[in-house]
Amino acid sequence: MPTGAHGRHNPQRGKMRSSLPLPKLLGIISRIVNDSGCTACIVDEIPEQDKEIRELCLQIYELRRAAQSIAHGGLDVHFKNCGCMAMYLKDIMDRLKAVEWGIKELAEGDTPELPRLGAIGTYFELIGNTLQENRRLIDKYRNLSLTDMLTGLPNRRGFWVLAEKGFARASLRRQSVSFIMADIDHFKKVNDLHGHEAGDEVLRAVARRFLGCLRGEDICCRYGGDEFLVMLHDTDVIRAVLVAERLRKSIAGKPILAGGEEIRVTISLGVTGTVAADCAGTRKCRAEIRRAVQVSDAFLYNAKEAGRNRVAADLPKADGRVAQ
């Protein structure tokens, strides 16, 4: 073993020295750690010649400030004097920022990819998949709630959802919109004579034939029982009467096969039209649609009273008549 001066062990080498009394130095460190209002200026209480002690206290201060920021949700802290701890703190911040980003992605309906978060990323993926499945189920059941399960047409609620949107669009262009209320004549007799299953098939067949006579942008719904309601976009009442007559002929012109029997049915229809103008508000749209539906229903009653299997329309006075 070396015995010279250069080979002797110096027990003081590598130790930090402070010119401050130990109790005062511990008091400064305690304030840095425990006093949330403490600032970096506290280091000025340490003499400049105690460089290593000052750097150590600055590192402690930076660590406390970072922890305080993280505890309050702040993720934009910059580390100046944390030494090797800065790398670890930056990694923690990056991961927390990834969590924050992931939460925003989930809130916007996306499933985030968080490969750097390990197990947490897996949980985010599970949560995202669950939320997507929940949204899919919500959309599915919402669509079911707006659909008539027998005919596949929109039900009354579905009609109002579609009609209000379509009427609002038409009001921006001041387009004509017409409504046709149709009812199967003597439908109760169909059920009584042929059974309810045959009656259901008659309803399905009427729905199919109606759709075959209409455009894709038109709305056709089962309004209730044996009533069907049609909304025709960009169509005045004159042309709507022609459409209603086409619907009537599609039902009366050919018997419906149900339960091995041919069942002949007819329908009566009431028609009215309006111009969708100044109805951009949902309340105004709903009020005007409700008025038009009531008018078309009244003319349906007129068609029934006039002998059924015909079209009654709210035509201009010069052309006022019952079409058949």
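Look above for the structure.
Just so it is clear, the structure is predicted and the values come from calculations on it, not from any experiment.

K.L.:
Would you explain the overall build of the protein chain in this entry?
P.N.:
Tallying secondary structure elements over the protein chain gives nine helices and eight strands in all. Evaluated residue by residue, the protein chain yields a buried proportion of 40% over its 324 residues. The contacts in the protein chain between residues at least 6 apart in sequence include a share of 60% that link residues at least 24 apart. Carbon and sulfur atoms make up 54% of the accessible area of the protein chain, which totals about 19200 Å².

K.L.:
Where do I start with the packing of aromatic side chains in this structure?
P.N.:
One pair of aromatic rings is described through two measures. These are the centre distance and the angle between the planes. Under the defined criterion, the tally for this structure stands at three aromatic pairs. Ring plane angle 55 degrees and centroid distance 5.5 Å describe the contact between Phe210 and Phe228, whose orientation is recorded as tilted. In this pair, Phe210 sits in helix H7 (residues 196-213) while Phe228 sits in strand S3 (residues 227-233), placing the two residues 18 residues apart along the sequence. The pair Phe210 / Phe228 is uniform in exposure class, with both members buried. One aromatic cluster is present, formed by Phe159, Trp160 and Tyr223 through successive ring pairs. Looking at Arg156, its charged tip hangs above the ring of Tyr223, at a distance of 4.0 Å from the centre. Positioned above the aromatic ring of Trp160 is the side chain of Arg290, whose terminal nitrogen or guanidinium carbon lies 5.5 Å from the ring centre.

K.L.:
What exactly am I supposed to notice about the pattern of salt bridges here?
P.N.:
Between side chains of opposite charge, a pair can form when the charged atoms approach closely. Evaluation of the coordinates by the stated rule reveals 14 salt bridges. For Arg54, the salt bridge is made with Asp44, and the minimal N-O distance between the two is 3.8 Å. Placement of the pair is Arg54 in helix H2 (residues 51-71) and Asp44 in the loop between helix H1 (22-34) and H2, with a sequence separation of 10 residues. Judged by relative accessible area, which is 56%, Asp44 ranks as exposed. Here Asp236 ties to Arg239 by a salt bridge, and the two come within 3.8 Å at their closest N and O atoms. In this structure Arg239 comes out as partly exposed when scored by relative accessible area, which is 42%. In the salt-bridge network here, residues are joined through shared partners; they are Asp183, Asp185 and Lys304.

K.L.:
Explain the pairing of strand S1 (residues 176-184) here, please?
P.N.:
Burial analysis of S1 places eight of its nine residues in the buried class, the great majority of the element. Strand direction decides the pairing type here: S1 and strand S6 (residues 267-275), joined by nine bridges, are antiparallel. Opposite Asp183, over in S6, you have Ser268 as the bridge partner. Pairing of S1 with S3 involves seven bridges; the strand directions are antiparallel. By the bridge assignment, Asp183 is partnered in S3 with Glu227.

K.L.:
What am I meant to see in H1 here?
P.N.:
Structurally, the α-helix is built with 3.6 residues per turn, so residues lying three or four positions apart point the same way. Counted at 1.5 Å a residue, the expected span for H1 with its 13 residues is 18 Å, and the 18 Å between its end C-alpha atoms agrees. When we look at burial in H1, the residues that qualify are Leu25, Ile28 and Ile32. Take H1 and look down its axis: the buried residues cluster within an arc of 60 degrees, on one side only. Away from its buried face, by an angle of more than 90 degrees, H1 presents the exposed residues Leu22, Pro23 and Asn34.

K.L.:
Looking at this model, I keep getting lost on unusual backbone geometry. Mind explaining?
P.N.:
Glycine aside, the phi torsion of most residues is negative, and most peptide linkages are trans. Its identity is not glycine, yet His186 carries a phi of approximately 50 degrees, on the positive side. Among the secondary structure elements, His186 is positioned in the loop between S1 and helix H6 (187-194). One non-glycine residue, Asp234, lies in positive phi territory at about 50 degrees. In this fold, Asp234 is placed in the loop between S3 and helix H8 (237-252).

Reading the values: rules and limits
- Residues numbered from 1 in each chain as written.
- Predicted model: local features only at pLDDT ≥ 70, side-chain atom pairs only at ≥ 80, totals over all residues.
- Heavy atoms only, no water.
- Helix = DSSP H or I, 4+ residues; strand = E, 2+ residues; numbered from the N terminus.
- Buried < 20%, exposed > 50% of the residue type's maximum accessible area, 1.4 Å probe, protein only.
- Contact = heavy atoms within 4.5 Å.
- Areas by Shrake-Rupley, 256 points an atom, 1.4 Å probe, with all protein chains shown as cover.
- Phe/Tyr/Trp six-rings, centres within 6.5 Å; stacked < 30°, edge-to-face > 60°.
- Lys NZ or Arg CZ within 6 Å of the ring centre and 35° of its normal.
- Salt bridge = Lys/Arg side-chain N within 4 Å of Asp/Glu carboxyl O.
- Pairing = 2+ DSSP bridges.
- Expected span 1.5 Å × (residues − 1).
- Arc of directions from axis to C-beta.

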